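Here's the letter readout for the chains.
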Amino acid sequence: MPSKSTTKAVPSPFGRRLRYWRGLRGLSQLDLAAAAGTTSRHVSFVETGRSRPGAELVARLADALAIPVRERNELLAAAGLSPTYPAYSFDSPALQSVRDVLERVLHQHEPYPAWVIGRGLRFLAANQGAEILFPGVTAMSPEQVIDLWFGPGPYRDQVVNWADVVRSTLITLRREVLVTGDPEVAVLLRRAEELTRDLPVQVPAADEDGDGLPVACPILRLNGQLVRTISTVMRFDHATEVTTSELRVELMFPADETSEATFRRLVVVSGTTEA
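Residues numbered from 1 in each chain as written. Predicted model: local features only at pLDDT ≥ 70, side-chain atom pairs only at ≥ 80, totals over all residues. Heavy atoms only, no water.

1. Section: the confidence of the model for the protein chain
Keep in mind that low pLDDT regions are not for reading the predicted coordinates in detail. Definition in use: Every residue carries a pLDDT, the predictor's confidence in it, which falls somewhere between 0 and 100. Contacts were defined at the residue level, with two residues in contact if any of their heavy atoms lie within 4.5 Å.
Residue-level pLDDT values for the protein chain average 88, and 88% of them are 70 or greater. For residues 206-211, every residue scores under 50 in pLDDT, and the model assigns this stretch two contacts once sequence neighbours within four places are set aside.

Below is the structure:
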C-alpha cells in the first residue's frame, strides 16, 4: 500500500467545480482566498476535499468569483448543501411581476424593436417593431438564431455593416461563455465561429469626422432607406431567482432623425402598419 506521504487527495465534486471557476477567472488560490476573506490553505483544503465548506464560505467564494445565480445553486449542491436561490419557469405565476415589467418595457419601446432573451440565446418575447423587423425569431431555436445572424441569408443581406456587427456579437458570446461557463452557449459560440471562419480580421479605423457611433450596431437597409441603429441591454442586476437573473432585454433605438422617421413609418404603436 502507498504511504500516507504519497497518497494524493481526491478532489470532491465541490473542489472540482471551485477549481474550474477559479481557473475560468484566472485566480490563484491566494488571490481567491484574499477576495473571499479566508486563507489559501483553506481554499486548498476545500478544493482537494480535505475540508467541507459551509454555506457561508460557499457564498463568499461565489461572490469573489462572480458566479451567476444558477451556477451558485450547482456549487451548493456539489458541497452537499441545499440550493439557496429559487428557480421558476418563465411562464410561472411566481414570475408574473417580472413578466408585467417586461411587457410594459416592450410596449413602451414601440415603434422601436425590443426582445426578451433568456438563457442560451432563447428569444422569449418581442414587441411589434421587432416582429416586423425580424419576424418569427421568438419561434426559432438558439441554433436557428445563430444561423440567421452568422450565416448567409436575409439578415446578412439586410445589414449593411454585417461584418462589424458579427464581430461584436462574437465578442459578446465569448464574454457570456467566460462569465457563465454555460456549455450550451459554448456550443453556440463554436457554431458561430464556424460560420464566420473566413471573416477577415479588421482593425477599426479612427473616426476622424466624428460621425460614427461609439458602439457596433446594425445599419439596416429597410424599404430602400438606410436605418442607423444603436442598442442597449436591460437586465435585472439584483435578481435572486435563477430565470430572472438570466433575462435580458435588447432595446434597439434609431441613431438619427431619418432613421427614427423610417421606424415610425414601418410601425404604428396602435398595431397597424402604414401603407
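After that view, the rundown keeps rolling.
2. As for the pairing of strand β4 (residues 225-235)
As a reminder, the rule being used: Strand pairing is assigned whenever DSSP identifies at least 2 bridges connecting the two strands. The helix and strand labels rest on DSSP assignments: H or I over at least four residues marks a helix, E over at least two residues marks a strand, and numbering proceeds from the N terminus.
Bridge count for strand β3 (residues 219-222) against β4 is four bridges, and the pairing is antiparallel. Its bridge partner being in β4, Leu 222 is matched across the sheet by Gln 225. Turn length for the β3-β4 hairpin, with the two strands adjacent in sequence and antiparallel, is two residues, and the turn residue Asn 223 shows positive phi of about 50°. When β4 meets strand β5 (residues 248-254), the two strands line up antiparallel, connected through seven bridges. Within β5, the residue paired with Ser 231 across the bridge is Met 252.

3. What to know about the sheet that holds strand β1 (residues 114-118)
What counts here: Angles shown run from 0 to 180 degrees and are taken between the N-to-C directions of axes, each axis being a line fitted to C-alpha atoms and, for helices, limited to the stretch in contact.
Taken together, five strands build an open sheet; the order of strands is β2-β1-β5-β4-β3 and the sheet is antiparallel. Each edge of the open sheet carries a strand with a single partner, namely β2 (122-126) and β3. Averaged over neighbouring strand pairs, the angle between their axes works out to 35° when direction is ignored.

4. Let's talk about helix α1 (residues 13-25)
Note the threshold: Expected helix span is taken as 1.5 Å per residue step, with the number of steps being one fewer than the number of residues. Residue exposure (1.4 Å probe, protein chains only): buried if accessible area is under 20% of the type maximum, exposed if over 50%, otherwise partly exposed. The directions from the helix axis to the C-beta atoms form the arc being described.
Its 13 residues give α1 an end-to-end C-alpha distance of 19 Å, which sits within 8% of 18 Å, the value for a rise of 1.5 Å per residue. Buried residues of α1: Phe 14, Gly 15, Leu 18, Trp 21 and Arg 22, and no others. Buried residues of α1, seen end-on, are gathered within an arc of 130° and therefore sit on one face of the element. Lining the buried residues of α1 we find α2 (29-36), α3 (40-48), α4 (55-64), α5 (69-78) and α10 (162-180). The positive-phi residue at the C-terminal boundary of α1 is Gly 26, with phi of around 70°.

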